[in-house]
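Residue strings, one per chain:
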Amino acid sequence: MESVHHVSVSSKILFSKVRKIVPPMLEKFHKGQLGRVAVIGGYTGAPYFSAMASARLGCDMSHVLCEPTAAPVIKGYSPNLMVHPLLPSIDTVEDPNSIDVSSLAGPIIGMLSRLHALVIGPGLGRDGVTLKVVAEVIREARSRSIPFVLDADGLLIVTEDPNLVKGYKDCILTPNVVEFGRLAKALGIEVASPAEVAKSGGSDVTSKESDACEQLSRALGGVTIVQKGPHDVISNGVTSIIADTKGGLKRSGGQGDTLTGSLATLLAWRMAYHDKLWDSGEKDNEKEAQNKEDVQAELESENMRMSPATTLLLAAWAGSSITRECSRRAFKAKGRSMQASDLTDEVHHAFLVLIGEPEGSQTHL
Ligand SMILES: NC(=O)C1=CN([C@@H]2O[C@H](COP(=O)(O)OP(=O)(O)OC[C@H]3O[C@@H](n4cnc5c(N)ncnc54)[C@H](O)[C@@H]3O)[C@@H](O)[C@H]2O)[C@@H](O)CC1
Ligand SMILES: Nc1ncnc2c1ncn2[C@@H]1O[C@H](COP(=O)(O)OP(=O)(O)OP(=O)(O)O)[C@@H](O)[C@H]1O
Ligand SMILES: [Mg+2]
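Residues numbered from 1 in each chain as written. Chains lettered and ligands numbered in written order. Predicted model: local features only at pLDDT ≥ 70, side-chain atom pairs only at ≥ 80, totals over all residues. Heavy atoms only, no water.

As recorded in an unreviewed UniProt entry, the protein goes by ATP-dependent (S)-NAD(P)H-hydrate dehydratase and comes from Penicillium arizonense. Recorded in UniProt under Function (unreviewed entry), the annotation for the protein is "Catalyzes the dehydration of the S-form of NAD(P)HX at the expense of ATP, which is converted to ADP. Together with NAD(P)HX epimerase, which catalyzes the epimerization of the S- and R-forms, the enzyme allows the repair of both epimers of NAD(P)HX, a damaged form of NAD(P)H that is a result of enzymatic or heat-dependent hydration." Under the heading Cofactor (unreviewed entry), UniProt records this for the protein: "Mg(2+)". (UniProt positions renumbered as here; feature names shortened; annotations may be inferred.)

Next up, the structure:
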């Protein structure tokens, strides 16, 4: 039995709808309009992979906000990234027991007005001072309606204080199986064990697996969750989509960073779509999608402008699909030697194969 919450729209149609929120490449655009994103990520590897994925997918400016000793290392990986050593830690403050969180967060908050989307958490670490400052940044980003993706140690902040994101409709959480379990436990949600899920059999397996994701999303007031695994379950509590594009077979660390970086760029593009940066050729929609039926109708319509709820689910689904296709391609080329950086190199190919340039892009050069 199919879950009542799943939209049943083919991948081909979903990709064609994703193409609608991708800005065309036009001579008239200036630097920054196709996306300014920042990864708040502490140490070196993970934030680099995330920021590179955002850049390779096509945003104009990718920033990394990190801890001072990490900055020259990340700069050394790539001069394309803008690296800011703004994250304080227990080692950089005089007395960790009496810190002024708002003044420590000030330089980061000062950058927010220039950003379209944030990724918070890859390689952030668990330093108490850092986490307090980042929680303050989350509060401020939310109050300014800046969309963000929370992953890895950023999810730990939510586990400790779910109210920070509860009810915020412009954020995506991307927990792996362990992180999902921690969040579920913190919010009192029971997760079926793999054995229990397998026992339910047939197509009900998908329904059982997504049950916990839907419940967690509802417990968080409808935030969008990408529950990563053999297939990714995406839910906002009332509507769910499964991303089951074939992935690779190597489970090297760092693949989740391609996901978060891709999501940041998609969130920036989604914002440009809603701001009508270009003419998408669609008809205005009189009402905003509220439930699964409304979302499904917008996804099935060829010419109706989509609501924020629909485009958020689509962006999450697209990020997931791109990451899995990167992993499949990288694994095909590298086999068991595959590393996270091999996914970074596949982001553009994955985009072209799955989504493709939108109508109206100037491709004559
Ligand atoms: N190259 C890098 O710099 C990388 C940095 N990373 C960072 O490392 C920190 C910790 O991330 P972790 O993902 O290790 O998170 P956790 O500290 O939550 O550890 C998860 C653990 O669960 C295990 N696990 C994963 N999937 C499982 C499954 N299906 N069943 C049972 N066990 C499973 C993993 O082997 C890992 O030991 C984060 O800050 C993250 O961003 C990771 O993203 C990996 C790559
Ligand atoms: N068993 C699987 N089969 C296919 N794809 C998978 C499988 N497990 C995870 N993935 C994919 O790998 C990507 C990263 O998910 P994963 O569960 O490894 O996250 P993670 O542990 O947070 O990664 P990271 O090491 O970057 O922190 C996701 O896009 C997910 O769809
Ligand atoms: Mg991870």
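Structure shown, so let's carry the discussion forward.
This part takes up the site of ligand 2. Close contacts around ligand 2 come from 13 residues, with Lys228, Asp232, Gly254, Gly256 and Arg324 the closest. Taking glycine 229, its main chain carries an N or O atom lying 3.5 Å from a nitrogen atom of ligand 2. Against a free-state accessible area of 620 Å², the protein chains account for coverage of 78% of ligand 2. At the level of elements, helix 10 (255–274) and helix 12 (308–334) are the ones that each hand at least two residues to the shell around ligand 2. Of the residues forming the shell around ligand 2, the biggest block, 3 residues, is contributed by helix 10. (Near = heavy atom within 4 Å. Polar contact = N/O pair within 3.5 Å; in protein donor to acceptor, adjacent residues only side chain to side chain. Areas by Shrake-Rupley, 256 points an atom, 1.4 Å probe, with all protein chains shown as cover. Helix = DSSP H or I, 4+ residues; strand = E, 2+ residues; numbered from the N terminus.)

Right, let's talk about the pattern of salt bridges for a bit. Taken as a whole and assessed by the stated rule, the structure comprises 13 salt bridges. The residue arginine 324 makes a salt bridge to aspartate 232 at a minimum N-O spacing of 3.5 Å. Placement of the pair is arginine 324 in helix 12 and aspartate 232 in strand 8 (residues 232–235), with a sequence separation of 92 residues. The salt bridge involving lysine 276 is made with aspartate 284; its shortest N-O contact spans 3.2 Å. With a relative accessible area of 52%, aspartate 284 lands in the exposed category. A cluster of three or more residues bridged by salt bridges with shared partners is formed by Glu325, Arg328, Arg329 and Glu346. (Salt bridge = Lys/Arg side-chain N within 4 Å of Asp/Glu carboxyl O. Buried < 20%, exposed > 50% of the residue type's maximum accessible area, 1.4 Å probe, protein only.)

A regular strand places its side chains on the two faces of the sheet in alternate fashion. Going residue by residue along strand 4 (residues 117–120), you find Ala117 and Val119 tucked away on one face and Leu118 and Ile120 tucked away on the opposite face as well. When strand 1 (residues 36–42) meets strand 4, the two strands line up parallel, connected through 4 bridges. Bridging from a neighbouring strand, isoleucine 40 pairs with isoleucine 120 of strand 4. Inspection of the sheet shows strand 4 paired to strand 5 (residues 148–150) by 3 bridges, in the parallel sense. Its bridge partner being in strand 5, valine 119 is matched across the sheet by valine 149. Viewed along the sheet, the connection from strand 4 through helix 5 (residues 128–143) into strand 5 turns out right-handed. (Pairing = 2+ DSSP bridges. Right-handed = clockwise from strand over helix to strand, strands pointing away.)

Turning next to the packing of aromatic side chains. Any pair of aromatic rings gets described here by the distance separating the centres and the angle formed by the planes. One pass over the full model with this rule turns up 6 aromatic pairs. Measuring from centroid to centroid gives 5.0 Å for tyrosine 48 and tyrosine 77, while their planes differ by 70 degrees, and the two rings are edge-to-face. One end of the pair, tyrosine 48, is in helix 2 (residues 45–57); the other, tyrosine 77, is in helix 3 (residues 71–77), with 29 residues separating them in the sequence. The exposure class of tyrosine 48 is buried, given its relative accessible area of 16%. Classification of tyrosine 77 by relative accessible area gives partly exposed; the value is 40%. With a centroid separation of 6.3 Å and an interplanar angle of 65 degrees, the aromatic rings of tryptophan 269 and phenylalanine 351 are classed as edge-to-face. Taken together, the residues span a long stretch of sequence, with tryptophan 269 in helix 10 and phenylalanine 351 in helix 14 (residues 347–354) at a distance of 82 residues. A relative accessible area of 4% places tryptophan 269 in the buried class. A residue is classified by how much of its surface remains accessible, and phenylalanine 351, at 3% relative accessible area, is buried. (Phe/Tyr/Trp six-rings, centres within 6.5 Å; stacked < 30°, edge-to-face > 60°.)

Of note in this structure, serine 145 is not a glycine but carries a positive phi near 60 degrees. Its location among the elements puts serine 145 in the loop between helix 5 and strand 5. Even without a glycine there, the phi angle at lysine 276 is positive, about 55 degrees. By the secondary structure assignment, lysine 276 is in the loop between helix 10 and helix 11 (292–300).

Its location among the elements puts aspartate 127 in the loop between strand 4 and helix 5. There is no salt bridge for the buried aspartate 127, and the closest opposite charge comes from lysine 132, which lies 8.3 Å off by N-O distance. Side-chain polar atoms of aspartate 127 contact the backbone nitrogen of isoleucine 90, separated by 2.9 Å. At a separation of 2.9 Å, a polar atom in the side chain of aspartate 127 contacts the main-chain amide nitrogen of valine 129. (Lys, Arg positive; Asp, Glu negative; His and termini not counted.)

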